[in-house]
Amino acid sequence: MKAQTQTANLTIEKKTQHISGAEAVIRCLLAEGVDLIYGYPGGAIMPIYDELYKYQDQLRHVLTRHEQGATHSAQGFARVTGKVGVAMATSGPGATNLVTGIADAQIDSTPMVCITGQVGKHLLGSDAFQETDIVGISTPVTKWNYQITEASEIPEVLAKAFYIARSGRPGPVLIDITKNAQFDTFDFEYEKCTSIRSYKAVPDIDKGQLLEAAKLINAAKKPMIVFGQGVILGEAEEEFKAFIEKTGIPSAWTILGLSALDSKHPLNVGMVGMHGNYGPNKLTNECDVLIAVGMRFDDRVTGNLATYAKQAKVIHFEIDPAEVDKNVKTDVAVLGNAKETLAKILPLVNENSHKEWLQEYRSHDTIEFEKVIKDELYPTKEGITMGEVMKEINSKTGGKAVIVSDVGQHQMMACRYAEFTQTKSNITSGGLGTMGFALPAAIGAKMGAPDREVIAIIGDGGYQMTIQELGTILQTKAAVKIVVLNNEFLGMVRQWQQLFFDKRYASTEMVNPDFITIAKGYHINAKRVTKREELASAVEEMLSTEGSYFLEVCVEKENNVFPMIPTGASVSDVRLS
Amino acid sequence: MANQKSYTISVYTENNVGLLNRVSSIFLKRHINIESLTTSQSEIENVNRFVIVATMDDSQARKIVGQLEKQIEVIKAYAHTDEETIYQESALFKVASDSLFDERQIQNIIKDSHANIVTVSREFFVIEKTGRRHETEKLYQDLKPYRLLQFVRSGRISVTKEPMNISEMLTAF
Ligand SMILES: Cc1ncc(C[n+]2csc(CCOP(=O)(O)OP(=O)(O)O)c2C)c(N)n1
């Protein structure tokens, strides 16, 4: 009782207090520095919501309109801040609705803690109302999960949850708490977790590996770097930049690595992978040393592994030992956090410039510009292209915005053409490719970076997967700018049908509602653009509007994303049309 | 497929609910069939040991070990070929007692197999045989004609020829 009366000015003292499990959950969150969580209430988590009510001046809860939205918002928040995102849901359907976001966070290494309510311990296994084995269901898609059945377990388990979610290669953790454990009282004391004996968050750095890697790098004539999200997650942007500037190595990115290096940096040679740039894809198969930094050789990056960089010696800077040799056989693995390994290798590498080799990328760029980019950014045909929308956004934001993209053609266009000057600015669902990610993720990103412009780029298909989150925007006034690139198709699937299924457009055409009316229903300023002449002023209006804004751009219906490496083809077979 | 062989995967873990699910899901995700699985206490207090037998190639075995070790509560995992381990399985055979008296042959089978008689009652008797798969398999084939009421074989248990050094790892922590 005493604990309740002093909630208003609560600071985390190490003094033991007798409180309920539900209150302990809140106190653990506060102790971990959490001040914002996303969620949706229900029977099995009501004791915790009751405590949230009491602690609302210290811990803000954002009610999303679907639990999937809560996870994606938590992810957006985590991706833009580097902090752990927190999502909460009730048992049964509440918990199962989290699964897509958890799987997304797992494959994209996003630090997230999900807390679910569960039926009382005495009911476990009885098929009680809204009982679901969420620990069983989430096991393959969590870094760790655990079911708490006694209140006294709460502090230690939550401390572990945060430590595991954020340390090493980050990932999602799910903690399921039975209702009795929320109600029961116990003597609360909190201690942060700093190590777990069976878990080595970051492997030790091996000096020998560094020396070997440096030797290969110093001898290389045509070295190439492919960097991924490891640079961002390891907060290694400065070290990375110092490393490439000293060695003069052309550096390409995966879509999750995007924004770690300034788009206009002279050594930034663009994107690798299925819809990546022509040069870095082609030249992957011509370089003599391939240096992978914090990336995991996803099949969308490598194309056919049998013909991927076979001529090159491969160096892999990686925090997760299980990634080494998983897809591509490496010659030298440099294990550790990229921030440390890159700093340690810097004095070991020689200054270099690789001017002629860099020039080869630029010559490929010229070809790509002529065959692909020109028509995308400076179209002469009537229909609006997705690329020109991105170009307009670039010119008005100066590359300072956070771009949150959904999944499909518009995502590839956003990643190909958006320009970035700041890290942690490109937020997209990479590994899982979750349609519906962008709108809720943008809400989380805006709350994580309230002073920055946050622009969601979404297709007309994906938009309708989580469109209900407009309600969250209405209620929280999150000033998210939403751009829907409407091609009236599930465009990316239609593109594949056109190229590989003789244009049999099975279930990809969309009859869409009036998106403007819908946005207005949520009191969001909205505009539709159908002509090129209206585009610039509409983007201007969107950006100068203070609150949220919805911009629908009706784009050419049957445009395709190129370059493209067809599934199963080699990176060197990248097609320009 | 070429290069497929039998691997014994040993996994040292903390003793927690749900870990079996996490360990087995790593095999499931890669569509690798678990041929046998045993879990028990290990030589270290509060540390469990899984012994899993599965057929795969060398690179799969390495990746499985990597994925297993990545799990928070897994202390260490190893993959060993049959030659690198000393392993046994145990089998129990329940046979109707009348066969013991009616069929003289069965007494010779038991004697030759070096199996132990665990219990004898009026209705049935139970014999136990520990050994390699082919040994328990042979006894199974031999006993089959004589009213074998029940048969069960344990998963493989194995120890490695090389030292494991888990205790040192945990003390170092
Ligand atoms: C949840 C989910 N379901 C299905 C898919 C398969 N898929 C990938 S892209 C795509 C089309 C996306 O269409 P739209 O959102 O309109 O974007 P566009 O490609 O037209 O830009 C689909 C259906 C997916 N990635 N995610």
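The shown structure was predicted, so the numbers you read here are calculated from the model rather than taken from an experiment.

Scoring rules and cut-offs
Residues numbered from 1 in each chain as written. Chains lettered and ligands numbered in written order. Predicted model: local features only at pLDDT ≥ 70, side-chain atom pairs only at ≥ 80, totals over all residues. Heavy atoms only, no water. Contact = heavy atoms within 4.5 Å. Buried area = accessible area lost by both parts, 1.4 Å probe. Salt bridge = Lys/Arg side-chain N within 4 Å of Asp/Glu carboxyl O. Polar contact = N/O pair within 3.5 Å; in protein donor to acceptor, adjacent residues only side chain to side chain. Helix = DSSP H or I, 4+ residues; strand = E, 2+ residues; numbered from the N terminus. Nonpolar A, V, L, I, M, F, W, Y, C, P; charged D, E, K, R; others polar. Buried < 20%, exposed > 50% of the residue type's maximum accessible area, 1.4 Å probe, protein only. pLDDT = per-residue confidence, 0-100. Domains from an automatic or database assignment. Pairing = 2+ DSSP bridges. Axes fitted to C-alpha atoms, helices over the stretch in contact; angles between N-to-C directions. Core = buried A, V, L, I, M, F, W, Y, C linked by side-chain atoms within 4.5 Å. Phe/Tyr/Trp six-rings, centres within 6.5 Å; stacked < 30°, edge-to-face > 60°. Lys NZ or Arg CZ within 6 Å of the ring centre and 35° of its normal.

Draft legend 1. Fine view of the interface of chain B and chain A. Facing 18 residues of chain B, the contacting portion of chain A comprises 20 residues. Interface area lost by chain B to chain A is led by Arg-22, Ile-72 and Phe-173 of chain B, which between them contribute 42%. Connecting chain B to chain A are two salt bridges. For the pair chain B and chain A, the interface holds eight residue pairs in polar contact (both at pLDDT 80 or more). For the side of chain B that touches chain A, the secondary-structure elements that each account for two or more residues are helix H1 (19-29), helix H2 (58-70) and strand E4 (74-81) of chain B. Among the elements that take part in the side of chain B that touches chain A, H2 of chain B stands out by supplying five residues, more than any other. Tallied by class, residues from the side of chain B that touches chain A come to six nonpolar, six polar and six charged.

Draft legend 2. The environment of Asp-298 of chain A, seen in detail. All names here are of chain A. Assignment of secondary structure puts Asp-298 in the loop between strand E12 (289-293) and helix H14 (299-302). Taking relative accessible area as the criterion, Asp-298 reaches 17% and is therefore assigned buried. For the pair formed by Asp-298 and Gly-273, sequence separation is 25 residues and the distance between their alpha carbons is 8.8 Å. For Asp-298, the side chain forms a polar contact with the main-chain nitrogen of Arg-300, separated by 2.7 Å.

Draft legend 3. Up close: the confidence of the model for chain B. Residues of chain B with pLDDT of at least 70 account for 99%, and the chain-wide mean is 92. Taken together, the chains of this predicted complex give a pTM of 0.95 and an interface ipTM of 0.91.

Draft legend 4. Quick peek at the domain arrangement of chain A. Residues and elements named next belong to chain A. By domain assignment, chain A separates into domain 1 (2-188), domain 2 (207-360) and domain 3 (382-554). Taken together, the contact pairs 24 residues of domain 1 with 28 residues of domain 3. Summed over both sides, the interface between domain 1 and domain 3 buries roughly 1,900 Å², with carbon and sulfur atoms accounting for 61% of that surface. Summed over the three residues of domain 1 that lose the most area to domain 3, namely Arg-65, Arg-79 and Val-80, the buried surface amounts to 33% of that side.

Draft legend 5. Highlighting the sheet that holds strand E11 (residues 268-271) of chain A. Residue and element names in this part refer to chain A. Spatially, six strands are ordered E11-E10-E9-E12-E13-E14 in an open sheet, and the strand pairing comes out parallel. Edge positions in the sheet fall to E11 and strand E14 (332-335), since each of these pairs with one other strand and no more. Sheet twist, expressed as the mean angle between neighbouring strand axes with direction ignored, is 20°. Contacting E12, strand E13 (313-318) and E14, helix H15 (residues 338-345) crosses the sheet at an angle of about 125° to E13.

Draft legend 6. Quick look at the nonpolar core. All names here are of chain A. Ranked by internal contacts, the top residues of the largest apolar core, which has 94 residues, are Leu-290, Val-293, Ile-315, Ile-403, Val-483 and Val-553. Counting residues per element, this core draws most heavily on helix H16 (residues 355-377), which supplies six residues. Here this core spans two domains, since at least three of its residues come from each of domain 2 (207-360) and domain 3 (382-554). Val-402, Ala-445, Ala-478 and Phe-550 belong to the second-largest nonpolar core, a separate cluster that totals 47 residues.

Draft legend 7. Structural detail: the packing of aromatic side chains. Per the stated rule, a full pass over the model turns up 17 aromatic pairs over all chains. A centroid spacing of 4.6 Å and a plane angle of 45° characterise the contact between Tyr-140 of chain B and Phe-151 of chain B, whose relative ring orientation is tilted. Taken together, the residues Tyr-140 of chain B in helix H5 (residues 133-143) and Phe-151 of chain B in strand E8 (residues 148-153) connect sequence positions 11 residues apart. For Phe-151 of chain B, a relative accessible area of 29% gives the class partly exposed. Through a chain of ring-to-ring contacts, the aromatic side chains of Phe-186, Phe-188 and Tyr-190 of chain A assemble into a single cluster. Sitting above the plane of the Tyr-87 of chain B ring, Arg-132 of chain B keeps its charged end 4.0 Å from the centroid.

Draft legend 8. Looking closely at unusual backbone geometry. Residue and element names in this part refer to chain A. Between Phe-562 and Pro-563 the backbone carries a cis peptide bond, its omega angle lying at -5°. Secondary-structure assignment places Pro-563 in the segment after strand E20 (549-554). You will see that Asp-127, though not glycine, has its phi angle at about 55°, which is positive. With respect to the element layout, Asp-127 can be found in the loop between strand E5 (112-118) and helix H7 (134-138). The class of Asp-127 is exposed, set by a relative accessible area of 72%. Of note in the backbone geometry, Asp-325 takes a positive phi value of approximately 65° without being a glycine. Along the chain, Asp-325 turns up in the loop between E13 and E14.

Draft legend 9. Structural view of the pairing of strand E17 (residues 454-459) of chain A. All names here are of chain A. Burial runs high along E17: six of the six residues are buried. Burial along E17 is two-sided: the residues Val-454, Ala-456 and Ile-458 and Ile-455, Ile-457 and Gly-459 are all buried. Here strand E15 (residues 402-405) pairs with E17 via four bridges, running parallel. Across the sheet, Val-402 pairs through a bridge with Val-454, a residue of E17. Judged from the five bridges that link them, E17 and strand E18 (residues 481-486) form a sheet pairing that is parallel. Residue pairing in the sheet places Ile-455 in a bridge with Lys-481 of E18.

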